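A structural walkthrough
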Number of protein chains: 2
Amino acid sequence: MKDVTIGIDIGGTNTVLGIVDRSGMILSENSISTTQYPDVNNYVAAVHEAIEKTLTGVGEKVSLKAIGIGAPNGNYYQGTIEYPPNLVWEGVIPLCKYFSKYYTIPVVLTNDANAAALGEMIFGGAKGLKNFIVYTLGTGLGSGIVINGEVLYGHTGFAGEIGHIIMVPGGRDCGCGRQGCLETYASASGIVRTVGEILSLRRAESPLRYITPHELTAKKITEAAENGDPVALEVFDKTASMLALSIVNAVAFSSPEAIFLFGGLANAGKYLFKPIEKYINENIQVIFRNTVKLLPSQLMESNAAVLGASALAWKELEH
Amino acid sequence: MKDVTIGIDIGGTNTVLGIVDRSGMILSENSISTTQYPDVNNYVAAVHEAIEKTLTGVGEKVSLKAIGIGAPNGNYYQGTIEYPPNLVWEGVIPLCKYFSKYYTIPVVLTNDANAAALGEMIFGGAKGLKNFIVYTLGTGLGSGIVINGEVLYGHTGFAGEIGHIIMVPGGRDCGCGRQGCLETYASASGIVRTVGEILSLRRAESPLRYITPHELTAKKITEAAENGDPVALEVFDKTASMLALSIVNAVAFSSPEAIFLFGGLANAGKYLFKPIEKYINENIQVIFRNTVKLLPSQLMESNAAVLGASALAWKELEH
């Protein structure tokens, strides 16, 4: 009988769950609507039902050992989701407690970015690394920080908010209610804002002048860069300089051996990685020179969230 | 027979050593010149001799369990001092190895700021805390970061360089060869530079206009603030805003439960603490509101370095 864990990724629209073995193979996958269950008790009952159905769908005999959940504003210590901005439930939701009505095995929960870091450590490019950071470059910027082989949760359970480190006091308005946070510059939404800024500064012709900010995406900016558009190239350069400054400062703080970039914006590839490396080399403190690698995530975006949540469960079993 | 450790504080001019019991009582103390021994082998022999002399000077019978050393650019992992800018020795000095010629008990080494954090944890205001940061505000700005009850050393052994986090890209020249590091704003030398900046901006009369930058000290600026000098008050306000921004960003990174301020500049008391608290409250991310305390160090400056080095030794014995 094969030992497995279940990884559950709770998104604003859908919840995806996968049955995952220790090697990172997803044996079976399923999904349900998140929005359809305004009552969280009904939601947990539906997830439970989906899990049982998915387990019977696996071709071989499996033994379920633990359940890991990745959720926005997830608190590992408490097993709660706290004041999630994009979910149907409000306030503090003791999700692990609800799941314990159905399961006696460990049920653990953390936020998406910490799950991504665990996925990288258990199944991806960070295998065997003890000190590293994953930047998840999505609509916002999340981060999972691993220190001595453990995710950094801090006193509150909410450590690792690199996206909300203030880079420019009085800078761009952030969704957190403050100004100048890293994610307002370095994320899929941040890079679109940078296009507006650079277009306002330069007189150069650019295909980006013919796309509304509302329709503009990181992918379209990458395409413009591929065609040699100077505005797009300057936009990547500015984004890279912000990310590099954040990385240089993170290295001064915790001295990791690697930084992984994950998510949509990381697909810009050389347009992002090359200038980030250049700015890191120019700005890193001498004692940290050549001590930290910049790497793309080794997880596929399509299944990283489920693998990350599953990795949380596998990690819990090691403790 | 009482168990003791020895704390050794290696300074550019003098080396101070103390025999310390588990409660933080310094039973006997001694010092030798650091500069007098350009050959590090002779230096270690002299320290050894001083230790033996000091041990016999203690009134009661003691059992020496471990030796802890605090030194600039000390690397805990390697037991080395690496390229210290202000010591007589050059390159990488394997100090713990040299001491092991004389002692079979554990000999451990770290940098001054990490030793300060350990001193706070074992003997000071951080007893029982698992996640906190000590800022040492001396000529420069050092920091010791404690995560889950352990000093954060990172991949290289050099983590915890908050003083060299770049706050102002292209800002003030720093001794590290870069620009805009926190310590160029928030340290005894940084605050003197801020006086120059504020004097250049304002037309107000101020006693600080009659002191050369070379002669100016944090103490004199504090005295001016006590007399209501608006320039001095603005200088503290600007220093506090930089420290608060650094603290708010450190909280986003590692979510500590307390920040301790130690060292000369911390003696400015309310002129520094009050505006720092104000700026923290104004700028901290909502999820971290009221989760972190700002506290003065509970160690006396006169013996903190020896106690910190001794705390490193006591901590090592726990492992």
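Residues numbered from 1 in each chain as written. Chains lettered and ligands numbered in written order. Predicted model: local features only at pLDDT ≥ 70, side-chain atom pairs only at ≥ 80, totals over all residues. Heavy atoms only, no water.

Considerations on the relation of the copies chain A and chain B
This is how it is decided: A least-squares fit on C-alpha atoms brings the copies together, and the residues used are those whose pLDDT is at least 70 in both copies.
The transformation that overlays chain A on chain B combines an axial shift of 0.0 Å with a rotation of 180°, and the residual RMSD is 0.0 Å. The transformation just described matches what one would write down for a two-fold rotation axis. Taking C-alpha positions as the reference, the residue of chain A nearest the rotation axis is Met 167 of chain A, at 3.9 Å.

Considering the state of the cysteines
Where we set the bar: Cysteine sulfur atoms are paired as a disulfide whenever they come within 2.5 Å of each other.
In this structure the tally under the stated criterion is zero disulfides over all chains. Lacking any disulfide linkage, Cys 181 of chain B is separated from the closest cysteine sulfur, that of Cys 176 of chain B, by 3.7 Å.

Topic: the domain arrangement of chain A
Residues and elements named next belong to chain A. For the record, the criterion: Source of the domain bounds: an automatic or database domain assignment. Here, residues are in contact when the closest pair of their heavy atoms is within 4.5 Å. Buried area: the accessible area, evaluated with a 1.4 Å probe, that two parts lose upon being put together, summed over both parts. Think of a salt bridge as a Lys or Arg side-chain nitrogen and an Asp or Glu carboxyl oxygen that are within 4 Å of each other. Nitrogen and oxygen atoms within 3.5 Å of one another constitute a polar contact, given that in protein one can donate a hydrogen and the other can accept it, and given that sequence-neighbouring residues count only through two side-chain atoms. Strands here mean DSSP runs of E at least two residues long; helices mean DSSP runs of H or I at least four residues long; both are numbered from the N terminus.
Taken domain by domain, chain A consists of domain 1 (2-122 + 301-318) and domain 2 (129-296). Computed from C-alpha coordinates alone, the two centres of domain 1 and domain 2 are separated by 28 Å. At the junction of the two partners, domain 1 supplies 18 residues and domain 2 supplies 23 residues. Interface of domain 1 and domain 2: buried area, both sides summed, is about 1,600 Å²; carbon and sulfur atoms make up 63% of it. Here domain 1 and domain 2 share one salt bridge between them. Linking Lys 315 and Glu 150 is a salt bridge whose minimum nitrogen-to-oxygen distance equals 3.7 Å. Linking domain 1 with domain 2 are four residue pairs in polar contact (both at pLDDT 80 or more), by the criterion used here. Looking at the side of domain 1 that touches domain 2 element by element, the count peaks at seven residues for helix 3 (residues 112-123).

Examining the environment of Val 286 of chain B
As for its position among the elements, Val 286 of chain B is in the loop between helix 7 (270-283) and strand 13 (293-296). Along the chain, Val 286 of chain B and Lys 61 of chain B lie 225 residues apart, while their C-alpha atoms are 54 Å from each other.

Things to note about the side chain of Asn 131 of chain A
Looking at the secondary structure, you find Asn 131 of chain A in the loop between helix 3 and strand 9 (132-137). A polar side-chain atom of Asn 131 of chain A sits 3.0 Å from the main-chain amide nitrogen of Asn 148 of chain A. Setting aside anything within four residues of it in sequence, one finds Asn 131 of chain A in contact with Val 146, Ile 147, Asn 148, Ser 255, Pro 256, Glu 257 and Ala 258 of chain A together with Gly 154 and His 155 of chain B.

Here we look at the interface of chain A and chain B
Heads up, the condition is: The residue classification treats Ala, Val, Leu, Ile, Met, Phe, Trp, Tyr, Cys and Pro as nonpolar and Asp, Glu, Lys and Arg as charged. All others, Gly included, are polar.
Between chain A and chain B, the residue contacts involve 35 residues of the former and 35 residues of the latter. In this assembly, chain A packs against chain B so that about 3,100 Å² is buried in total across both faces, 65% of it on carbon and sulfur atoms. Taken as a group, His 155, Phe 253 and Gln 285 of chain A account for 23% of the area that chain A buries against chain B, more than any other trio of residues on that side. At the junction of chain A and chain B, the tally comes to zero salt bridges. Across the contact surface, chain A and chain B share 14 residue pairs in polar contact (both at pLDDT 80 or more). For the side of chain A that touches chain B, the elements supplying multiple residues, two or more each, are strand 10 (141-147) and helix 6 (230-254) of chain A. Tallied by class, the residues present in the side of chain A that touches chain B amount to 20 nonpolar, 12 polar and three charged.

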